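Structure assessment
This is what each chain is made of:
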Amino acid sequence: MSAETATPEVLWAQRSSSSDAAKNFVYLTISVPDVPKEDIKLDLKPTSLSFTGTSGTLKRKYHVVLDFFAEIDPAESKINHTAKNVEIKLQKKELKEEYWPRLLKDSKRLHFLKTDFDRWVDEDEQNEAPEEDFSQFGGMGGMPGMGGDFGGIDFSKLAGGGDMPDLGDEDAEDVDSGDDEEDVEEIPTTKA
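Anyway, here's the lowdown on the structure attached to this text. All figures in this text were calculated on a predicted structure; none of them were measured in a lab.

Within the open sheet, the five strands sit side by side as β7-β8-β3-β2-β9. Their pairing is mixed. Here the strands that pair on one side only, and so sit at the sheet edges, are β7 (78-81) and β9 (113-115). Taking the axes of each pair of neighbouring strands and ignoring which way they run, one obtains an average angle of 20 degrees across the sheet. Bridge count for strand β2 (residues 9-14) against β9 is three bridges, and the pairing is parallel. The residue bridging L11 from the neighbouring strand is K114, located in β9.

With that out of the way, let us pick up the pairing of strand β4 (residues 40-44). For β4 and strand β5 (residues 48-54), the ladder comprises five bridges, and the chain directions are antiparallel. Bridging from a neighbouring strand, L42 pairs with F51 of β5. In this antiparallel pair of consecutive strands, β4 and β5, the connection spans three residues.

What counts as what
Residues numbered from 1 in each chain as written. Predicted model: local features only at pLDDT ≥ 70, side-chain atom pairs only at ≥ 80, totals over all residues. Heavy atoms only, no water. Pairing = 2+ DSSP bridges. Helix = DSSP H or I, 4+ residues; strand = E, 2+ residues; numbered from the N terminus. Axes fitted to C-alpha atoms, helices over the stretch in contact; angles between N-to-C directions.

Listed below in structure tokens is the structure:
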């Protein structure tokens, strides 16, 4: 049975600096749950990235090719593999104060490519942003207590659900109808 091929969700954020190479990079997170390290083929070139991996449990094959807006330095870029995704710190080749206007060379919008709002910092606020910890990248162990599992809860699913305001409205109506019910109950006792 052949594996179904899917395009994984890709999240990205960036920093830029005209003087400090360590602050001149793109964060890339490829969301591929349960893809063992040995089943990943990652080809990082100065202008593109090609990723292929197969999930151990779902038997789903993931594949994506990204052509970058500008050049990166593959030798200086770092990778961190987790049970849920592949995180990549792409080192921008050219030191520039300005952000890349987009991640990819092509400006068309892609459904699988999203801004990583957890890591995004506006261009004019990046100097105030806390220093990033890349200790877990490149195969070194992460800091204790910094695991991204949170007991299996996917917080991204909780955010834009849209059900919460509706529940609030229904509760408000229940309170109002509670008053009405008291009035309704009084009417039969009056007639009796």
